[in-house]
Amino acid sequence: MRFPFLKLPLPVRAALLFFLVTFLGSSALAAGLKDLFAAADTLSPAMTEARLDLARARAEYQAARGMPNPKLFASRETVSDGPLDETEQTFGIQQSLGYLWSYAPKRAAALRTYESALTAYDEARRQLLVEMTDRALTALALRQQVTLVDTVMFHATHAVQSMGARFRLGDVSEYDLHRLQAELLRLHQQRLSLLAEQQQAGNDFTRLSGLPESWLSQLTVPEPASITLTSEDQAVETALQHRPLLKARAASQAAGEQAYRASKWNQLPDIAVGIGRKTVDPGFQGVALEAEIELPLFTQRRYERNLARTVRDESEIQLRAARLQIEQEVRGTYRRWLELRDRTPSIAPFNAEQARLDLSRGVLMYLHGELSPVEVVDILRSTLESFEAYQQLTNSRLLTEIELRRVTGLPLLENH
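Residues numbered from 1 in each chain as written. Predicted model: local features only at pLDDT ≥ 70, side-chain atom pairs only at ≥ 80, totals over all residues. Heavy atoms only, no water.

A.B. asks: Can you help me understand the packing of helix 5 (residues 174–209) against helix 10 (residues 373–408) in this one?
C.D. replies: Angle between the axes and distance between the axes: these two values describe a pair of packed helices. The interhelical angle for the contact between helix 5 and helix 10, taken along N-to-C directions, is 10°, at an axis separation of 9 Å. As judged from the angle between their axes, helix 5 and helix 10 are roughly parallel. Facing helix 5, whose interface residues are D176, R179, L180, E183, R186, L187 and Q190, helix 10 presents P373, V374, V376, V377, L380, R381 and L384. Class assignment for the residues of the contact of helix 5 with helix 10 results in 8 nonpolar, 1 polar and 5 charged. (Axes fitted to C-alpha atoms, helices over the stretch in contact; angles between N-to-C directions. Helix = DSSP H or I, 4+ residues; strand = E, 2+ residues; numbered from the N terminus. Parallel < 35°, antiparallel > 145°, perpendicular 65-115°, else oblique. Contact = heavy atoms within 4.5 Å. Nonpolar A, V, L, I, M, F, W, Y, C, P; charged D, E, K, R; others polar.)

Have a look at this one:
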């Protein structure tokens, strides 16, 4: 057998080996939720709209800080009376001053809008990270369940073969054989359902995070961290102080108030002043001053003020609704967190390897005649159900702890 790799130059072989070892080493490293969140911050397509809204708010704020552009003006007039001609030329610059009335409130409104967009982006990001964690844990759990189902099906097939031989010897009834065969068919159907659910969870994870499902093979599930909240009222108070959603609504309400003030100032007439140099033949020169004032006869910008007042009133309603929504979310999540923390049984870790060991022991006891056919069916079914229940309970504890941190405005990954 020939090895083309050995024919390569020594520096090339060394470089290939270095990249191979680096790749294998990096792929074997376990990734935590921090790595998942960091990757999603730059790759998640679900955050595209929120990023665009933030960019628009930043651009509007930067535009509101600027002054209107000045205008250059020029004119040329020629008057003639027979053989006599007179030409006047004027060059100058003009600046509008009407913006001065509403500049401060407009700039303040744009700043508050930008602050609202920043906190709204933070709220959307935190919501996305919780949903992404849910999908990641679901996909991992389903992957482990599929693997365990394969093991259960292997033992179930062996048990069916053994029961078929015992049936031919008259040791068991035909009903017992058919029941075990039916259980094997149910396992096949359950495996197909789990595969479909795993594919859907993987698709949802990729859609939210922008990462392939294969990335989950590196993810390790942390243990739930401790939360120092001691009561519902304390949790609600924490949320009212730190929740990004409430900060976004408060900034939006402040922006609406400033925009309404700007709309009232904007009803004042616009004024523009200019200065230039005027030249009159034959050689007369001087300074030209001009001023313009708007006559508010037809358009008095009342509609803009009415619209700004409506936006302000709506933002106040949104702020009050956000307070009620946050309080309800916090109280419900806190009660669920207490239920999982204090009222669920404390059980030893029950991983897939332990489930396989218990399954092998049960099937071995059946093959030795210590268990009935009904009991072996119960072993096959209860192994999967117990493992699924343990996974759901474990994941629920972690997800509820992260959700409580989200609704109260606490850091999602503190102590992780």
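More follows now that the structure is in view.
A.B. asks: In this structure, what is going on with the packing of aromatic side chains? I would like to understand it.
C.D. replies: To describe a pair of aromatic rings, one takes the distance between the centres and the angle between the planes. The full count for this structure, using the stated rule, is 2 aromatic pairs. Here the aromatic rings of Y334 and W337 are separated by 5.5 Å at their centres, their planes lie at 50°, and the arrangement is tilted. Taken as a pair, Y334 and W337 lie in helix 8 (residues 302–342) at a separation of 3 residues, close to a single helical turn. Neither Y334 nor W337 differs from the other in exposure class; each is buried. Of note, R312 hangs over the ring of Y260, and the distance from its end group to the ring centre comes to 4.5 Å. (Phe/Tyr/Trp six-rings, centres within 6.5 Å; stacked < 30°, edge-to-face > 60°. Buried < 20%, exposed > 50% of the residue type's maximum accessible area, 1.4 Å probe, protein only. Lys NZ or Arg CZ within 6 Å of the ring centre and 35° of its normal.)

A.B. asks: How do you make sense of empty space enclosed by the protein when you look at a structure like this?
C.D. replies: The rolling of a water-molecule-sized probe over the atoms marks out the regions of remaining empty space. Enumeration over the complete set of coordinates arrives at 1 cavity of 30 Å³ or more. Roughly 30 Å³ of volume is contained in the largest cavity. At the level of elements, helix 4 (99–168), helix 5 and helix 10 are the ones that each hand at least two residues to the lining of the largest cavity. Here the lining of the largest cavity takes 3 residues from helix 10, the largest share from any one element. Residues of the lining of the largest cavity, tallied by class, amount to 4 nonpolar, 2 polar and 1 charged. (1 Å grid on protein atoms, 1.4 Å probe; cavity = no way out; pocket = protein on both sides within 12 Å on 5 of 7 lines; lining within 4 Å. Points joined across faces, edges and corners; volume = space filled by probe spheres on them.)

A.B. asks: I keep staring at the confidence of the model for the protein and nothing clicks. Help me out?
C.D. replies: For the protein, per-residue confidence averages 82 on the pLDDT scale, and residues scoring 70 or more make up 88% of the total. Predicted confidence in the protein is weakest over helix 1 (residues 10–28), with a mean pLDDT of 39, and strongest over helix 6 (residues 232–242), with 93. Counting contacts from residues 1–29, a segment whose pLDDT is below 50, to residues more than four positions away or on other chains yields 9 contacts. (pLDDT = per-residue confidence, 0-100.)

A.B. asks: I'm lost on helix 3 (residues 48–64) in this one. Help?
C.D. replies: In an α-helix, one turn spans 3.6 residues; hence positions three or four apart end up facing the same way. Spanning 17 residues, helix 3 covers 24 Å between terminal C-alpha atoms, matching the ideal 24 Å at 1.5 Å per step. Among the residues making up helix 3, those that are buried are A50, L54, A57 and Y61. Taken down its axis, helix 3 places every buried residue within 60° of arc, on the same side. Residues of helix 3 that are exposed and point more than 90 degrees away from the buried face comprise E49, E60 and A63. Structurally, helix 3 contributes buried residues whose contacts are with helix 4. (Expected span 1.5 Å × (residues − 1). Arc of directions from axis to C-beta.)

A.B. asks: Looking at this structure, I do not really get the pattern of salt bridges. What am I missing?
C.D. replies: Pairs may arise between side chains of opposite charge once their charged atoms sit close together. Inspection of every chain in the model, using the stated rule, returns 22 salt bridges. Between D53 and R56 there is a salt bridge, with its nearest N and O atoms 2.8 Å apart. Note that D53 and R56 are positioned in helix 3 at a spacing of 3 residues, about one turn of the helix. For D53, a relative accessible area of 38% corresponds to the partly exposed category. Judged by relative accessible area, R56 falls into the partly exposed class, the value being 48%. Among the salt bridges present, the one from E329 reaches R243, with a minimum N-O distance of 3.1 Å. Taken together, the residues E329 in helix 8 and R243 in the loop between helix 6 and helix 7 (244–265) connect sequence positions 86 residues apart. Taking the relative accessible area as the measure of exposure, E329 reaches 24% and is therefore partly exposed. The buried category is assigned to R243, whose relative accessible area is 1%. Several salt bridges share partner residues, and in doing so they unite E123, R243, E329, E403 and R406 into one network. (Salt bridge = Lys/Arg side-chain N within 4 Å of Asp/Glu carboxyl O.)

A.B. asks: Quick question: what am I supposed to make of the nonpolar core here?
C.D. replies: Grouped burial of nonpolar side chains is what soluble globular proteins tend to show. Counting residues in hydrophobic clusters, the biggest one holds 61 residues, and the most contacted among them are L36, F37, M132, L180 and F205. When residues of this core are traced back to their parent elements, those giving at least two are helix 2 (33–43), helix 3, helix 4, helix 5, helix 9 (352–367) and helix 10. Considering every element that reaches this core, the biggest residue donor is helix 4, with 22 residues. When residues no more than four places from it in sequence are discounted, the contact partners of M132 are L36, F37, A40, F205, L208 and S209. If you look at the next biggest cluster of nonpolar residues, it comprises 17 residues, including L229, A235, L319 and L338. (Core = buried A, V, L, I, M, F, W, Y, C linked by side-chain atoms within 4.5 Å.)

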